[in-house]
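Residues per chain are reported as follows:
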Amino acid sequence: MAYSDKVLDHYTNPRNVGSMDKNSQAVGTGLVGAPECGDVMKLQIQVNPQTKVIEDAKFKTFGCGSAIASSSLATEWVKGKTVDEALSIKNTDIVRELSLPPVKIHCSVLAEDAIRAAIGDWKKKNGVAAQAEAHAPMAKAGD
Amino acid sequence: MSVTNKPEAALQMFDEGAVTHACWSCGDMRAAHFCQSCGKLQPALPTDYFTFFGLPRKLNVDVAALENEFYKLSRKLHPDLYARAAGQERQWSLEKSSQLNDAYRTLRDPIARTGYLLKIEGVQLEEQSKAATDKARQTGEEKKQVIPPELLEEVFELNMQLEEARINKKMGERDPELLREMEGTRNDLQAKHDALMDELHGYWNEWDALPEDADESLRKPVRDKMVGLLNRRSYIRNLVRDVNEVLEA
């Protein structure tokens, strides 16, 4: 598979690899997986409690080059945004930025899921009203 | 070169008579692959692999019988037999031989067979995942991951260990304690994999027990259980593969 230059750049020189203390009040952790290819992606954010700005982000992904690049890019993009701004990042933005081919679109979906999951976790911890927790799970697949 | 195959005797499980059309050559009724009257090879139709073998869409398959049928059909469809037949028959024998190989490879393997059945039943995993993400974006609801969180945690932790072990291996270091731990992990994973296969056989039985005309409300729950299981299994399979790789001297 021919990777785009941007994918190769993130893959060979990933930004923000690492981990944060998941028990910290200011840290939100998202752990998601793409079963089609067996990838697993962890993305963590550190949020300023006053400004709600994401001051730092870390990731660790086990998967293909596109999954690593998607999560690396995701950490770059969320940094400096407020949690609400970060929620507007769409997988299609990642596809466009990295020129991902159709067979790798699920990697970008995974990265968006990871951002949402990390923000959801942070909101839960900090008692920020999130509709998410009030609702029953929407899909039963995977029971 | 003779193409006068004898009319097929009725098969017990491979019901080739299930699909009938008029024979292109004699106009009589034919079965899927050869005319029942004149024995002529019939065109390759776009058909699913179960139908190709005259099997119902069921998941418990007698693999030994399937293998016999495969060899029997391989011989009868072999392009060499049609080397001097009319152009269209030669072409059909090529197409059918290739269909036969694909169908056999898929149906003989329990996982490929299950995945294939789900596919022809209209399950599109990636589409579902994307749709769920779209919904989460619009509603602000949390997307439910198809993989249980505990399994994801475990997969993540194991991958961390594997990474360490790989780095050690590269440096030519063999940390005996880590390797011992990995051996234990391999056995755990194997046990888990076996348990998943048992679980899968249970779902096969559920699926096969559904009446032919069972409606969506009965089919979907069984399908969903199989989808979830295949997803979990692909993680376990990858880990088994990776652990074995690390443990190789």
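Below is a short write-up of the structure. Since we're looking at a predicted model, the values are computed, not measured.

What about the overall build of chain A?
What chain A contains, in helices and strands, is five helices and three strands. For chain A, the sequential pattern of α-helices and β-strands runs α-β-β-β-α-α-α-α. For chain A, with 143 residues in total, the buried portion stands at 50%. Relative to all contacts within chain A whose residues are 6 or more apart in sequence, the contacts with residues 24 or more apart total 63%. Entry remark: accessible area of chain A is about 6,200 Å², with carbon and sulfur atoms responsible for 50%.

Examining the overall build of chain B
Looking only at helices and strands, chain B has eight helices and two strands in total. Order of helices (α) and strands (β) in chain B, N terminus to C terminus: β-β-α-α-α-α-α-α-α-α. Each of the 249 residues in chain B was classed as buried or not, and the buried ones make up 43%. For chain B, long-range pairs separated by at least 24 residues make up 65% of all intrachain contacts whose partners lie at least 6 apart in sequence. Only carbon and sulfur atoms are counted for the fraction: they give 51% of the accessible area of chain B, which is about 13,200 Å².

What to know about the interface of chain B and chain A
With 31 residues of chain B at the interface, the matching set in chain A holds 33 residues. Across the interface of chain B and chain A, roughly 3,100 Å² is buried in total on both sides, 57% from carbon and sulfur atoms. When the buried area of chain B at its contact with chain A is split by residue, Arg137, Lys144 and Phe156 of chain B rank highest and sum to 22% of it. The interface formed by chain B and chain A includes three salt bridges. Among the ionic pairs, Lys60 of chain A bridges to Glu163 of chain B, the shortest N-O distance being 3.0 Å. Our enumeration of links across chain B and chain A arrives at seven residue pairs in polar contact (both at pLDDT 80 or more). Tallying contributions element by element places helix α5 (residues 125-139) of chain B first for the side of chain B that touches chain A, with nine residues. Classifying every residue of the side of chain B that touches chain A gives nine nonpolar, ten polar and twelve charged.

Brief notes about the pattern of salt bridges
Considering all chains together, one arrives at 27 salt bridges over all chains under this definition. One salt bridge connects Glu97 of chain A with Lys6 of chain A, and the closest N-O pair in it is separated by 3.4 Å. Here Glu97 of chain A, found in helix α4 (residues 91-98), pairs with Lys6 of chain A, found in helix α1 (residues 5-12); they are 91 residues apart in sequence, far enough to count as distant. Of the charged contacts in the structure, one is a salt bridge between Asp93 of chain A and Arg96 of chain A, with a shortest N-O distance of 3.8 Å. Pair noted here: Asp93 of chain A and Arg96 of chain A are both in helix α4, with a separation of three residues, about one helical turn. Overall, Asp93 of chain A belongs to the partly exposed group, its relative accessible area being 26%. The exposure class assigned to Arg96 of chain A is exposed, which follows from its relative accessible area of 61%. A single network of salt bridges, built from pairs that share partners, joins Asp48, Arg57, Glu121, Glu216, Arg219 and Arg223 of chain B.

Considering the pairing of strand β2 (residues 39-47) of chain A
Residues and elements named next belong to chain A. Burial analysis of β2 places eight of its nine residues in the buried class, which makes it a mostly covered element. Across eight bridges, strand β1 (residues 27-34) lies against β2 in antiparallel orientation. Looking at β2, one finds that Ala34 is bridged to Asp39. Here β1 folds back onto β2, and the loop between the two strands holds four residues, one of which, Gly38, carries a positive phi near 75°. One ladder, built from eight bridges, connects β2 with strand β3 (residues 54-62); its direction is antiparallel. Of the residues in β3, the one forming a bridge with Ile45 is Ala57. Where β2 folds back onto β3 in an antiparallel hairpin, the turn is made up of six residues, including Lys52, whose phi is positive at roughly 60°.

Focus: the state of the cysteines
All names here are of chain A. Applying the stated criterion across every chain, the model contains zero disulfides over all chains. Here Cys64 stays unpaired: no disulfide links it, and the sulfur of Cys107, its closest cysteine neighbor, is 3.7 Å away. Overall, Cys64 belongs to the buried group, its relative accessible area being 18%.

Considerations on the sheet that holds β1 of chain A
If you walk across this open sheet you meet the three strands as β1-β2-β3 (chain A), and the pairing is antiparallel. Every other strand in the sheet has two partners, leaving β1 and β3 of chain A as the edge strands with one partner each. Neighbour to neighbour, the strand axes of the sheet diverge by 15° on average, direction disregarded. Packed onto the sheet, helix α6 (residues 149-170) of chain B meets β1, β2 and β3 of chain A and runs at close to 75° relative to β3 of chain A.

Observations regarding the packing of aromatic side chains
Residues and elements named next belong to chain B. Overall, the coordinates contain six aromatic pairs over all chains when judged by the stated rule. Aromatic side chains Phe52 and Phe53 sit 5.8 Å apart centroid to centroid with 80° between the ring planes, which places their arrangement in the edge-to-face category. For the residue pair Phe52 and Phe53, the accessibility class agrees, reading buried in each case. An aromatic cluster is present here, built from Tyr49, Phe50 and Tyr116 joined pairwise through their rings.

Parameters at a glance
Residues numbered from 1 in each chain as written. Chains lettered and ligands numbered in written order. Predicted model: local features only at pLDDT ≥ 70, side-chain atom pairs only at ≥ 80, totals over all residues. Heavy atoms only, no water. Helix = DSSP H or I, 4+ residues; strand = E, 2+ residues; numbered from the N terminus. Buried < 20%, exposed > 50% of the residue type's maximum accessible area, 1.4 Å probe, protein only. Contact = heavy atoms within 4.5 Å. Areas by Shrake-Rupley, 256 points an atom, 1.4 Å probe, with all protein chains shown as cover. Buried area = accessible area lost by both parts, 1.4 Å probe. Salt bridge = Lys/Arg side-chain N within 4 Å of Asp/Glu carboxyl O. Polar contact = N/O pair within 3.5 Å; in protein donor to acceptor, adjacent residues only side chain to side chain. Nonpolar A, V, L, I, M, F, W, Y, C, P; charged D, E, K, R; others polar. Pairing = 2+ DSSP bridges. Disulfide = S-S within 2.5 Å. Axes fitted to C-alpha atoms, helices over the stretch in contact; angles between N-to-C directions. Phe/Tyr/Trp six-rings, centres within 6.5 Å; stacked < 30°, edge-to-face > 60°.

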